[in-house]
Amino acid sequence: MATIEECREALKEFGGKLGGMDDSNKKLVRTVSLRVPDLDVTFHGVLREGALEDITTEPRERAQVRLTIAGDDLLALVAGDLNFAAAWARGRVKLEASFSDLLRLRKLV
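Conventions we followed
Residues numbered from 1 in each chain as written. Predicted model: local features only at pLDDT ≥ 70, side-chain atom pairs only at ≥ 80, totals over all residues. Heavy atoms only, no water. Salt bridge = Lys/Arg side-chain N within 4 Å of Asp/Glu carboxyl O. Helix = DSSP H or I, 4+ residues; strand = E, 2+ residues; numbered from the N terminus. Buried < 20%, exposed > 50% of the residue type's maximum accessible area, 1.4 Å probe, protein only. Pairing = 2+ DSSP bridges. Axes fitted to C-alpha atoms, helices over the stretch in contact; angles between N-to-C directions. Contact = heavy atoms within 4.5 Å. Arc of directions from axis to C-beta.

Draft legend 1. How the structure looks around the pattern of salt bridges. Scanning the model with the defined rule gives 6 salt bridges in all. When the shortest N-O distance is used, the salt bridge between Arg-8 and Glu-5 registers 3.5 Å. With a gap of 3 residues between them, Arg-8 and Glu-5 both fall in helix 1 (residues 4-19), about one helical turn apart. On the basis of relative accessibility, which here comes to 44%, the residue Glu-5 falls in the partly exposed class. Residues Arg-48 and Glu-53 are paired through a salt bridge, measuring 2.5 Å at the closest nitrogen-oxygen approach. Overall, the relative accessible area of 29% leaves Arg-48 in the partly exposed class.

Next comes the structure, spelled out in structure tokens:
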């Protein structure tokens with residue numbers, strides 16, 4: 001079972017993938033939350049300049065991009081052992097965002 005610290009490190013790498021898909025996303029600034037139900041924790045951060053910054057577990061306002069994923073699935077996703085689209089289609093990953101943000105993140109899905 002994944003630990004909170006392993007998930008925090010994986011989230012930093014995953015944030016880089018979210019923000020680093022293409023040059024247009026480098027200017028994207030969005031609040032992000034990632035809920036890990038099996039660890040009963042929600043991480044919050046700000047996606048800015050292709051990186052996820054200010055990662056905390058302190059409660060914040062509703063994020064613009066919200067993900068829900070099990071800890072082990074997050075580690076597998078970041079390691080490349082789990083395909084995001086397949087996990088999303090099977091309900092292992094939940095992604096909530098505005099339509100425009102979903103369009104920006106379409107390369108991930």
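Draft legend 2. Quick look at the sheet that holds strand 5 (residues 93-97). Pairing is mixed in the open sheet, where 5 strands are placed in the order 3-2-1-4-5. What marks the edges here is a single partner per strand, and that holds for strand 3 (51-56) and strand 5. Looking at each pair of strands side by side, their axes are set apart by 20 degrees on average, direction ignored. Relative to strand 5, strand 4 (residues 65-69) is paired through 5 bridges, and the arrangement is antiparallel. Among the inter-strand pairings, Leu-67 is bridged to a residue of strand 5, identified as Leu-95. With respect to the sheet, helix 2 (residues 71-79) is in contact with strand 1 (30-36) and strand 4, its orientation differing from that of strand 4 by roughly 110 degrees.

Draft legend 3. Inspection of helix 2 at higher detail. Where helix 2 is concerned, the buried positions are Gly-71, Asp-73, Leu-74, Leu-77 and Val-78. Buried residues of helix 2 fall within an arc of 160 degrees about the axis and therefore sit on the same side.

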